[in-house]
Every structure is written in structure tokens, then in C-alpha cells.
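Chain residues, written in single-letter form:
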Amino acid sequence: MLTGKVALVTGASRGIGKEIALTLAANGATVIVNYNGSKERADEVVKEIEAAGGTAEAIQCNVAEFQASEEMVKNVLTKYKKVDILVNNAGITRDGLLMRMSEEDYDAVLDTNLKGTFNMIRHLSRSFLKQRSGKIINLSSVSGVMGNAGQANYSASKAGVIGLTKSVARELASRGVCVNAIAPGFIDTEMTQAMPEEAQNGLKQMIPLGRMGEAAEVAKLVLFLAGNDSNYITGQVISIDGGMTM
Ligand code: NAP
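Now for a quick tour of the structure. Note that this is a predicted model, so its numbers are computed, not measured. (Residues numbered from 1 in each chain as written. Predicted model: local features only at pLDDT ≥ 70, side-chain atom pairs only at ≥ 80, totals over all residues. Heavy atoms only, no water.)

Brief notes about the side chain of Asn138
As a reminder of what qualifies: We count a stretch as a helix when DSSP gives it H or I for four or more residues in a row; a strand needs E for two or more, and each element gets its number in order from the N terminus. Burial classes: relative accessible area under 20% of the type maximum marks a residue as buried, over 50% as exposed, and values in between as partly exposed (1.4 Å probe, protein chains only). Each polar contact in these results corresponds to two N or O atoms within 3.5 Å; when the atoms are within protein, one needs to be able to donate a hydrogen and the other to accept it, and residues that are neighboring in sequence are counted only if both atoms are side-chain atoms. When checking whether two residues touch, look at their non-hydrogen atoms; a contact exists if any pair is within 4.5 Å.
With respect to the helices and strands, the residue Asn138 is situated in strand S5 (residues 134-139). For Asn138, a relative accessible area of 0% corresponds to the buried category. Among the polar contacts made by the side chain of Asn138, one reaches the side chain of Thr165 at a distance of 3.0 Å. Beyond its immediate chain neighbours, meaning those up to four positions away, Asn138 contacts Asn88, Thr117, Ile121, Val161, Thr165, Val179, Asn180, Ala181 and Ile182.

What follows is the structure in C-alpha cells.
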């Protein structure tokens, strides 16, 4: 159980982040439901958590912005005194072949997925070091492990998340803070529903287990990495992809 723990989940208004927020709250954590644009949906997540007897608050912040994310972290630490679990889940795609990829689409994806993860860890690192415990869980992707045609920006950002995870894990290990990455395969959310049907079918054929994953399945892995049962695991990239990368 995570009773007494405070968890901050970025990009928790829908998809995988929402399931992570619901799961951590159902297991006793107080959850900060971060979102960027989807206020109503984030409020609904909070309502769902409260209806189930949990505690949560929605906070708007574009994690790609260094100062805005610092402000969010400051406000959370002032109100809740600590963050035990940081889940860097906020992410976007701007797919396209490299030859046609705009600078804007490259930068937007790197800014949210990689710099956003850096921003959050950077602003919370002092607090994690002081409390000498904590769990940081970063959402990477099968694309960051294997690469994916049409996702040069996204793959680069998610491979960057792996390097960031391992370096930070080394820096924080002596203070008992565990830092791991999760590399989901093809999970059924709005992000993947936005892909052309042809691309979806092609991807499905690459999954040995023969189906897409569910956000709730990723959330259960996050729950494990957030709790004490994983205290001897750090600096790892854990795949949850139906066997795509075996
Ligand atoms: P999704 O359904 O598109 O949801 C993305 C979430 O991120 C939303 O809550 C969105 O909130 C938030 N977000 C986007 N930009 C943000 C920003 N700048 N600041 C704060 N929040 C922001 O995506 P998903 O499929 O659940 O994916 C979640 C994570 O898992 C991402 O990092 C993704 O790369 C990774 N992943 C997904 C898959 C998959 O198959 N679905 C596979 C591998 C990895 P707003 O709507 O409020 O902007």
C-alpha cells in the first residue's frame, strides 16, 4: 500500500497517465493529477478518485516549460511537504518521415517528452535527496529502444529518457532514490487511436501476444515500481510490450 505517500503524475488527464493516477490513488497515495490543456478531463479524474474514497488534486502545467514546472513543484511541496513518487508520463507525438519533419515538430516532441522529464526531475531532485527515499518512474517507449520509421523525433526523445533515467539513477542511488523507465509497446489510448489504421495493423502484427496492451496493465507496473516491493530495482528499462522487443 502507498498510504501516506504523495505521487505526482504528469499528463494524467487521460490515457496511461489517468490509469496510473487512479491506480496509485486506489492504493492509498495522494495523487497530483497534472495536465496541460484538458482541465475538464483532469477534474473528472480527480472526481473519480474522490468518489472511490481517495485524495487527489488537478494542477495545470506545461511540463516542457522550465519555470512553469518549477512553480508547480514549489506549490506542491508547500502544500503537501513532499513528493514520494514522480511519474513522468506526459508525452506527445508529431509523426512524419524525417525528410519532411519540420523543426517545430522535432522541437515540440523533444521539449515535452525529454525536457519535460528533465524539468520535473531537476526541480524535485533536491527534495528527493533530502528525504533519502523516493521513486521516479519515466515513460519511455518501445520506439526509444528499437526506433520506429516515422517517429525520429519521438524515438529520439524516448531514447533520451532512457539515458536520463540511467544517469539520474546513478546520481540518486546513494540516497535511496530509485529511478526506472518503462518502455510500453502498443497501448490502446488516444495517442495510438490517432494513428492511421494501416500503421495500427502493421504494428499489431509485430506483437507476439497478438493484441494491444491496456493502460491499466502499464499502471500495474508503475504501481510495482512505486512501492516498496521494488526497492532493489534502479536504473532499469522495463518493457511492457506483449513481447515486441524480446
Ligand atoms: P495520451 O492519451 O495522448 O495522453 C497524453 C497525456 O499527456 C495527456 O494527459 C496530456 O494532457 C498530457 N500532456 C501532453 N503534453 C503535456 C505537457 N506539455 N505538459 C503536461 N501534460 C502534457 O498519451 P498516452 O498514450 O496515454 O501516453 C502516455 C505516455 O506513455 C507518453 O509519454 C507516451 O509517449 C508513452 N507511451 C505510450 C504508448 C502507447 O502506445 N499509447 C506507448 C509507449 C509509450 P493534456 O490533454 O491536458 O495536454
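Now that the structure has been shown, the text picks up again.
Re the packing of helix H3 (residues 66-80) against helix H4 (residues 103-131)
The cut-off we apply is this: To obtain an axis, a line is fitted to C-alpha atoms, over the contacting stretch when the element is a helix, and the angle between two such axes runs from 0 to 180 degrees between their N-to-C directions. Each crossing is labelled by how the near helix is turned from the far one, with a counterclockwise turn of less than a right angle marking it left-handed and a clockwise turn marking it right-handed. Charged means Asp, Glu, Lys or Arg here, nonpolar means Ala, Val, Leu, Ile, Met, Phe, Trp, Tyr, Cys or Pro, and polar covers whatever is left, Gly included.
One way to put it is that H3 packs onto H4 with a least axis distance of 9 Å and a crossing angle of 40°. In terms of crossing hand, the pair formed by H3 and H4 is right-handed. Taking contact as the criterion, the partners of Phe66, Ser69, Glu70, Met72, Val73 and Leu77 in H3 are, on H4, Lys115, Phe118, Asn119, Met120, Arg122, His123, Leu124 and Ser127. Split into classes, the residues belonging to the contact of H3 with H4 amount to 7 nonpolar, 4 polar and 3 charged.

Looking at the site of the ligand
As a reminder, the rule being used: Note on definitions. A residue lies near a molecule or strand when any single heavy atom of the residue is within 4 Å of it. Only the protein chains shown count as cover for residues, and the accessible areas themselves come from Shrake-Rupley with a 1.4 Å probe.
Neighbouring the ligand are 32 residues, the closest being Ser38, Asn62, Asn89, Tyr154 and Thr189. Between the ligand and Val63, the relevant distance is 3.1 Å, taken from a nitrogen atom to a main-chain nitrogen or oxygen of the residue. Against a free-state accessible area of 890 Å², the protein chains account for coverage of 95% of the ligand. Listed by contribution, the elements that provide at least two residues to the shell around the ligand are helix H1 (15-26), strand S2 (30-35), helix H6 (152-172) and helix H7 (190-193). Ranked by residue count, the leading element in the shell around the ligand is H7, at 3 residues.

Focus on the sheet that holds strand S3 (residues 55-60)
Where we set the bar: Between any two strands, at least two bridges found by DSSP are needed for them to pair.
Taken together, the 7 strands give an open sheet; going across it, the order is S3-S2-S1-S4-S5-S6-S7, and neighbouring strands pair in parallel fashion. Each of the sheet's edge strands pairs with one partner strand only, and the pair in question is S3 and strand S7 (237-240). Strand-to-strand twist of the sheet, defined as the mean angle between neighbouring strand axes without regard to direction, takes the value 20°. Inspection of the sheet shows strand S1 (residues 6-9) paired to S2 by 4 bridges, in the parallel sense. When the bridges of S2 are listed, Val9 appears paired with Val33.

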